[in-house]
Amino acid sequence: MSTPDLPEVHTQTLGAGVVRRATTLADGRDLFYYDDPDTALGADRAVDARTLDARPGTATMRLDVLTGDWITVAANRQNRVMMPSADADPLAPQTPGNPSEVPARYDVAVFENRSPAFGPALAEAFGAAPPAENAPRGLDDLAGLGLGRTRAAVGRCEVVCFSPEHSGSFGTQSVTRARTVIEAWADRTAALSQLPGVEQVFPFENRGEAIGVTLPHPHGQIYAYPYVTPRTARVLESIDRTAPDLFHRILESEQASERVVFRGEHWTAFVPFAARWPLEVHLMPHRHVPDLAETTDAERDELAPLYLRLLRGIDAMYETPTPYIAAWHQAPVRVGRDTVRLHLQLTSPRRAADKLKYLAGSEAAMWAWAAEVAPEQGAARLRDAVERASQGPNEADSA
């Protein structure tokens, strides 16, 4: 039920029995609850009764004419919360003493970032989002070079809370919860791809203070970019220079190598032939899939336990949890849909129990990498860790 004073809640059942409940926060930002199929939560959700400041204006992008890269200048992100205590966790459910971002108890929650690098304005008015002044006018407009070029940083940034608990990560969740998050990723990928001016959608998880994480709460993010990211642009160039089925060829080559970590019916995990980081592993579907929204129920069902198996193996390598960036590379919205394949690229700077790889002069300034760990050695170590983690008891397997 809704009244003129309360936001309406729209409910829809998704794959695997996950239920999405869509509503809004006090300042108009979208909020989505994704309920586990076996949830203990009721249908009602508390209303966000906070009094919030108006949302910040949309940031500006500036063109680096030497590289063609667009750089977002988002000064509003300077005031982000840094490593709060449990009683001040902005991603925990609201309590009388903690006016957090999520009004009600939840299983998985997704909401618009309060300090976004992209948005809230879009290339055109859409729903509650206003049109931006000086919005990009498509990929051809963004490809033009010139001094002093600027455009509005249209798009969207969302936060994905994997659990209401204060600490943990994706790998500490149950298989059921992991499946709910995957359904949320797929659902949001489809929705964000429809927003005016969005050219690529990127779900990811930053884990650990060594990566720069500012909140210990188990969560990830989704960026909806107004351009094709520089890495993906390089991938498209490589496909043009080789063959449209480049990803198929890569997967076949890796599956025949000693760098495979494990293989399922629909997915293979492997350390890539030219891995840059001390710990780097890719997880790729066996068929061509451009993004998570295009995966089947069977592929998502297998992905949940396989992804957890991989993450728990990474944590079994050392006595303390390993920092990482888990990046879900997806095809752009309007180009490369038939050639760029969905895949996870998980990287960590940890090269020993007490050592990290820092990007120094050659890598940071010249983008010229030197790897200290041979990919074959890295794969062998990770296979061993995954096996050890799979044999041990794990309380996170319970729902």
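What you are looking at is a predicted structure, and each value in this text was computed from that prediction instead of being measured. (Residues numbered from 1 in each chain as written. Predicted model: local features only at pLDDT ≥ 70, side-chain atom pairs only at ≥ 80, totals over all residues. Heavy atoms only, no water.)

Engineer: What is the right way to look at the overall build of the protein in this model?
Structural biologist: Of the regular secondary structure elements, the protein holds seven helices and 17 strands. Taken over C-alpha atoms, the radius of gyration comes to 21 Å for the protein, in line with the 21 Å a tight globule of 399 residues would show. Taken along its principal axes, the extent of the C-alpha atoms in the protein is 60 × 55 × 40 Å. Counting all 399 residues of the protein, 53% fall into the buried class. Put simply, 67% of the contacts in the protein that link residues at least 6 apart link residues at least 24 apart. Accessible surface, the protein as shown: approximately 18,400 Å² in total, 51% of it carbon and sulfur. (Helix = DSSP H or I, 4+ residues; strand = E, 2+ residues; numbered from the N terminus. Rg over C-alpha atoms; globule rule 2.2 N^0.38 Å. Buried < 20%, exposed > 50% of the residue type's maximum accessible area, 1.4 Å probe, protein only. Contact = heavy atoms within 4.5 Å. Areas by Shrake-Rupley, 256 points an atom, 1.4 Å probe, with all protein chains shown as cover.)

Engineer: Got a minute to help me understand the packing of helix H2 (residues 175-192) against helix H5 (residues 297-315) in this structure?
Structural biologist: A pair of packed helices is captured by two measures, namely the crossing angle of their axes and the spacing between those axes. Look at H2 against H5: their axes get within 9 Å of each other, and the N-to-C directions meet at 125 degrees. One element, H2, and the other, H5, form an angle in the oblique class. Handedness of the H2/H5 crossing: right-handed. When H2 is examined against H5, the residues Val175, Ala178, Arg179, Ile182, Glu183, Trp185 and Ala186 are found in contact with a partner set consisting of Asp297, Arg300, Asp301, Leu303, Ala304, Pro305, Tyr307 and Leu308. (Axes fitted to C-alpha atoms, helices over the stretch in contact; angles between N-to-C directions. Parallel < 35°, antiparallel > 145°, perpendicular 65-115°, else oblique. Left-handed = near helix turned anticlockwise from the far one by under 90°.)

Engineer: Just checking my understanding: could you explain the side chain of Arg29 for this structure?
Structural biologist: Relative to the helices and strands, Arg29 resides in the loop between strand S2 (19-24) and strand S3 (30-35). Exposure remark for Arg29: the relative accessible area of 1% places this residue in the buried category. Here Glu101 takes part through its side chain, which lies 2.7 Å from a polar atom of the side chain of Arg29. There is a polar contact of 2.9 Å between the side chain of Arg29 and the backbone oxygen of Glu112. The contact partners of Arg29, leaving out residues within four places of it in the chain, are Thr23, Thr24, Arg50, Leu52, Arg55, Glu101, Phe111, Glu112, Asn113 and Arg114. (Polar contact = N/O pair within 3.5 Å; in protein donor to acceptor, adjacent residues only side chain to side chain.)

Engineer: Sorry if this is basic, but what is going on with the packing of H5 against helix H7 (residues 375-391) here?
Structural biologist: Where H5 meets H7, the closest approach of the two axes is 7 Å, and the angle between their N-to-C directions is 105 degrees. With respect to each other, H5 and H7 are oriented roughly perpendicular. The segment H5 lies against H7, with Arg309, Leu310, Arg312, Gly313 and Ile314 engaging Leu382, Ala385, Val386, Ala389 and Ser390. Its residues placed into classes, the contact of H5 with H7 shows six nonpolar, two polar and two charged. (Nonpolar A, V, L, I, M, F, W, Y, C, P; charged D, E, K, R; others polar.)

Engineer: How should the packing of aromatic side chains be read in this particular structure?
Structural biologist: Where two aromatic rings form a pair, the distance of their centres and the angle of their planes describe that pair. Counted according to the given criterion, the structure contains 17 aromatic pairs. Each ring, one from Phe118 and one from Tyr227, has its centre 6.0 Å from the other, and the planes form 75 degrees; the classification is edge-to-face. Of this pair, Phe118 sits in the loop between strand S6 (108-112) and helix H1 (139-143) while Tyr227 sits in the loop between strand S10 (219-225) and helix H3 (230-241), placing them 109 residues apart in sequence. A residue is classified by how much of its surface remains accessible, and Tyr227, at 11% relative accessible area, is buried. Ring geometry for Phe162 versus Phe170: centroids 5.3 Å apart, planes at 80 degrees, classification edge-to-face. Each member of the pair, Phe162 as well as Phe170, carries the same accessibility label: buried. Taken together, Phe118, Phe202, Phe204, Tyr223, Tyr225 and Tyr227 form an aromatic cluster joined through their ring pairs. Across from the ring centre of Tyr33, 5.0 Å away, lies the NZ or CZ of Arg45, which sits over that ring. (Phe/Tyr/Trp six-rings, centres within 6.5 Å; stacked < 30°, edge-to-face > 60°. Lys NZ or Arg CZ within 6 Å of the ring centre and 35° of its normal.)

Engineer: Before we go on, may I ask you to explain H5 in this structure?
Structural biologist: Two residues of an α-helix separated by three or four positions point the same way, owing to the 3.6 residues in each turn. Under the 1.5 Å per step criterion, the end-to-end length of H5 is 28 Å for 19 residues, consistent within 8% with the ideal 27 Å. Along H5, the helix axis deviates most sharply at Leu303, where the bend reaches about 30 degrees; the proline Pro305 sits within four residues downstream. (Expected span 1.5 Å × (residues − 1). Bend = angle between axes of the 7 residues up to and from the residue.)

Engineer: Which parts of the structure should I look at to understand the sheet that holds S2?
Structural biologist: In a beta sheet, neighbouring strands pair by backbone hydrogen bonds and run either parallel or antiparallel. Strand order in the open sheet made by the 12 strands is S1-S2-S3-S6-S8-S10-S9-S14-S15-S13-S12-S11, with antiparallel pairing throughout. Where the open sheet ends on each side, the last strands, each with one partner, are strand S1 (10-13) and strand S11 (260-263). Pairwise comparison of adjacent strand axes, ignoring direction, gives a mean angle of 15 degrees for this sheet. Where strand S9 (residues 200-207) lies against strand S14 (residues 324-329), four bridges are found, and the strand directions are antiparallel. Across the sheet, residue Glu205 finds its bridge partner in S14, namely Ala326. (Pairing = 2+ DSSP bridges.)

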